[in-house]
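# Descriptive analysis of the structure
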Amino acid sequence: MSIQKITPFLWFEKGAEEAATFYTTVFKNSKIKSSNPIVTVLDVEGLQIMILNGGPNFKLDESFSLVITCETQEEIDYYWEKLTAGGSESQCGWLKDKYGVSWQVVPSLLSKLMGDPARSQRVVQAFMKMKKFIIKDLEGA
């Protein structure tokens, strides 16, 4: 097995292990690889993420997000419900979970729709009105 060359490293004020445990309930293929009072290492769908209990010096914000690519509306609905619980919705598939991590929950179909010059502008207009992506509305654009 090869070592992951680039690893996302998230600075939390506190609660790294609690957040990692939460993510293992949201993502079926996930596990905590290691944890100590400072750093928790989490594997989510094959991506290693390190979470630091770093104190109040820095805050997470929307300038960094994790993207979840979904095949079905049911999958979008599942992640949206789980990750917005205690967090907040934004627009265009963006949300912030209860730990302050920003996520984008997007349909895999979006890149195909955006790649069609005849409809890409209509697709953009449709999703600019959405919080959670609705696949049928994107397809109808």
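Here the structure is shown first, and the text comes after it.
Below is a short write-up of the structure. (Residues numbered from 1 in each chain as written. Predicted model: local features only at pLDDT ≥ 70, side-chain atom pairs only at ≥ 80, totals over all residues. Heavy atoms only, no water.)

The next point concerns the overall build of the protein. Counting its regular elements, the protein contains five helices and eight strands. Overall, the protein shows an N-to-C arrangement of helices and strands of β-α-β-β-β-β-α-β-β-β-α-α-α. Along the longest, intermediate and shortest principal axes, the C-alpha atoms of the protein span 50 × 35 × 25 Å. Within the protein, buried positions represent 40% of all 141 residues. Relative to all contacts within the protein whose residues are 6 or more apart in sequence, the contacts with residues 24 or more apart total 56%. Accessible surface, the protein: about 8,300 Å² in total, of which carbon and sulfur atoms supply 55%. (Helix = DSSP H or I, 4+ residues; strand = E, 2+ residues; numbered from the N terminus. Buried < 20%, exposed > 50% of the residue type's maximum accessible area, 1.4 Å probe, protein only. Contact = heavy atoms within 4.5 Å. Areas by Shrake-Rupley, 256 points an atom, 1.4 Å probe, with all protein chains shown as cover.)

This part takes up the nonpolar core. One finds Tyr23, Phe27, Leu83, Trp103 and Leu138 to be the most contacted residues of the largest nonpolar core, which totals 37 residues. The dominant element in this core, judged by the number of residues it contributes, is helix α1 (residues 16-26), at six residues. Sequence-distant contacts of Leu83, defined by excluding residues within four places in its chain, comprise Phe22, Tyr23, Val26, Phe27, Ile68, Leu95, Lys96, Asp97, Lys98 and Trp103. (Core = buried A, V, L, I, M, F, W, Y, C linked by side-chain atoms within 4.5 Å.)

Further remarks concern the packing of α1 against helix α2 (residues 73-84). In contact at an axis separation of 11 Å, α1 and α2 are set at 155 degrees when each is read in the N-to-C sense. Here α1 is positioned roughly antiparallel relative to α2, judged by the angle of their axes. Considering how the two elements wind past one another, α1 and α2 form a crossing that is right-handed. Contacts between α1 and α2 involve Phe22, Tyr23, Thr25 and Val26 from the first element and Tyr78, Tyr79, Lys82 and Leu83 from the second. (Axes fitted to C-alpha atoms, helices over the stretch in contact; angles between N-to-C directions. Parallel < 35°, antiparallel > 145°, perpendicular 65-115°, else oblique. Left-handed = near helix turned anticlockwise from the far one by under 90°.)

Among the six residues of strand β8 (residues 102-107), six are classified as buried, and the element is accordingly described as predominantly covered. One ladder, built from six bridges, connects strand β5 (residues 65-70) with β8; its direction is parallel. Bridge pairing links Val67 to Gln104 in β8. From the end of strand β7 (residues 94-96) to the start of β8, which pair antiparallel, there are five residues, and Gly100 there has a positive phi angle of about 95 degrees. (Pairing = 2+ DSSP bridges.)

With respect to topology, four strands assemble into an open sheet ordered β1-β4-β3-β2, the strand pairing being mixed. At either end of the open sheet lies a strand with only one pairing partner, and these are β1 (9-12) and β2 (30-35). The mean angle between the axes of side-by-side strands here comes to 25 degrees, regardless of whether they run parallel or antiparallel. Relative to strand β3 (residues 39-44), β2 is paired through five bridges, and the arrangement is antiparallel. When the sheet's bridge partners are listed, Ser30 is paired in β3 with Val44. Across the sheet, α1 lies against β1, β2, β3 and β4 (47-53), angled at about 160 degrees from β2, the strand it touches most.

Residue placement: Ser102 occurs in strand β8. Not counting residues up to four positions away in its chain, the partners in contact with Ser102 are Asp61, Glu62, Phe64, Ser65, Leu66, Leu95 and Lys96.

On to α2, then. Look at α2: 16 Å from first C-alpha to last across twelve residues, which is about the 16 Å you get at 1.5 Å a residue. Residues of α2 that are buried sit in contact with α1, β5, β6 (88-89), β7, β8 and α5 (135-139). At the exit of α2 stands Gly86, carrying a positive phi of roughly 80 degrees. (Expected span 1.5 Å × (residues − 1).)

Purely spatial values, then, with no claim about function.
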